[in-house]
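Observations on chain architecture
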Amino acid sequence: MASLPRPDDSGSSPGAPGRVRPAATVQFGQHPPARRTLLHISDTHLLAGNVPLGGRFDTAANLTQALIAAEATGIRPDAIVFTGDLTDLGEPEAYTALREAVEPVAERLGAPVVWLAGNHDERPALRRDLLGLEPTQEPVTGVWDLGGLRLVGLDSTVPGWHHGDLDSAQLDWLRDVLATPAPLGTILALHHPPLPSHVPLFDILELRDQGRLAEVIAGTDVRAILAGHLHYSTSGTFAGVPVSVAAATCYTMNLARAAVDVNGMDAGQSFHLVHVYDDTITHAVVPVLQAPTADVFSAEWVERMSRLTPEQRLEAFSRKPH
């Protein structure tokens with residue numbers, strides 16, 4: 001992929017006026033710091049009154065732990081992207097609880113929140129209680145300019161069903177959006193990933209007619225696709241574009257079982273840190289867990305390395321002891 005133009009080296013983002021990200025003072029490797037960063041979270045599945053999901057999963061507590069972990073990374077994202085199944089039953093109270101949990105964190109991070117619909121959501125309540133819009137069945141879509149990086153949110157939900165689809169009107173809209181390239185390219189986000197799954201139940205509930213989406217994005221500046229739905233982290237390519245699926249915060253699928261016997265477990269929750277560079281995009285899986293952690297590396301260690309020349313850094317850290 002060819003390097004993209006550099007429209008803004010100030011670190012500011014039109015999507016978040018007045019916010020400046022800390023600049024990296026030293027480049028340790030071949031790649032300069034990421035141009036934009038995203039926090040990608042999926043499948044929160046909140047329920048009104050925090051009723052345990054399936055009688056066993058505390059979705060509100062699990063979301064809180066994920067948000068604490070996200071904030072602890074120190075990331076200052078250009079956007080926080082939720083790729084659907086925000087609630088489990090589309091209840092207004094659940095959307096209100098979700099907003100109350102997330103908005104204070106987003107405010108501290110100085111980042112806009114992108115809410116996308118999943119098959120467990122209900123468009124009218126989502127539009128009213130999260131977006132402040134008319135409670136209609138209109139698809140929940142949008143375009144965000146994040147300092148030259150274009151984020152396009154799609155709505156792959158089908159009212160009354162759990163499988164996914166994108167109708168002709170939405171695909172025509174997407175085609176018009178992509179007709180003009182963005183300075184740092186485009187990332188698409190939707191709930192149902194355009195990928196196969198080795199777990200049978202998910203292929204029944206897949207995004208249908210994927211070839212139509214492939215035709216729309218062919219030859220455009222789409223650099224990555226973010227999705228959820230599967231409750232496990234996976235990746236692949238679609239029409240030559242990398243696809244990254246974030247696991248859920250509510251519960252994840254226990255893949256350490258035969259595919260026909262895969263079920264949910266209250267473990268393995270995670271979110272993704274998306275770093276957008278000039279010539280690539282990375283998707284780091286961040287586990288949400290409490291575990292003993294070593295203390296070998298630190299900000300002080302990085303600062304000490306920064307005072308060395310590249311050759312001295314290799315001597316200090318790369319050379320094996322004799």
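Above this text sits the structure in question.
Since we're looking at a predicted model, the values are computed, not measured.

This part covers the nonpolar core. Counting residues in hydrophobic clusters, the biggest one holds 34 residues, and the most contacted among them are Leu-174, Leu-188, Leu-213, Ile-217 and Ile-225. Secondary-structure elements contributing two or more residues to this core are helix 4 (168–178), helix 6 (210–217), strand 9 (222–227) and strand 11 (241–245). Not counting residues within four places of it along the chain, the set of residues in contact with Leu-188 comprises Val-152, Leu-154, Leu-174, Ile-217, Val-222, Ala-224, Ile-225 and Leu-226.

The subject of this paragraph is the sheet that holds strand 8 (residues 186–189). Taken in spatial order, the six strands make up an open sheet running 6-7-8-9-11-10, and their pairing is mixed. Because the sheet does not close on itself, it has two edges, and the strands there are strand 6 (142–146) and strand 10 (234–238). Between one strand and the next, the sheet's axes are offset by a mean angle of 20°, whatever the strand orientation. The pairing of strand 8 with strand 9 spans four bridges and is parallel. Looking at strand 9, one finds that Ile-187 is bridged to Ala-224. Relative to the sheet, helix 4 contacts strand 6, strand 7 (149–153), strand 8 and strand 9, its axis offset from that of strand 7 by approximately 175°.

What follows concerns the pairing of strand 10. With five bridges joining them, strand 10 and strand 11 adopt antiparallel strand pairing. In the strand pairing of strand 11, Thr-234 is matched with Val-245.

The geometry of helix 4 relative to helix 6 is characterised by a closest axis approach of 9 Å and an angle of 20° between their N-to-C directions. One finds that helix 4 runs roughly parallel with respect to helix 6. Here helix 4 runs over helix 6; the crossing is right-handed. Here helix 4 contributes Ser-168, Leu-171, Leu-174, Arg-175 and Leu-178 to the contact with helix 6, which in turn contributes Arg-212, Leu-213, Val-216 and Ile-217. Grouping the amino acids of the contact of helix 4 with helix 6 by side-chain chemistry returns six nonpolar, one polar and two charged.

Analysis parameters
Residues numbered from 1 in each chain as written. Predicted model: local features only at pLDDT ≥ 70, side-chain atom pairs only at ≥ 80, totals over all residues. Heavy atoms only, no water. Core = buried A, V, L, I, M, F, W, Y, C linked by side-chain atoms within 4.5 Å. Buried < 20%, exposed > 50% of the residue type's maximum accessible area, 1.4 Å probe, protein only. Helix = DSSP H or I, 4+ residues; strand = E, 2+ residues; numbered from the N terminus. Contact = heavy atoms within 4.5 Å. Pairing = 2+ DSSP bridges. Axes fitted to C-alpha atoms, helices over the stretch in contact; angles between N-to-C directions. Parallel < 35°, antiparallel > 145°, perpendicular 65-115°, else oblique. Left-handed = near helix turned anticlockwise from the far one by under 90°. Nonpolar A, V, L, I, M, F, W, Y, C, P; charged D, E, K, R; others polar.

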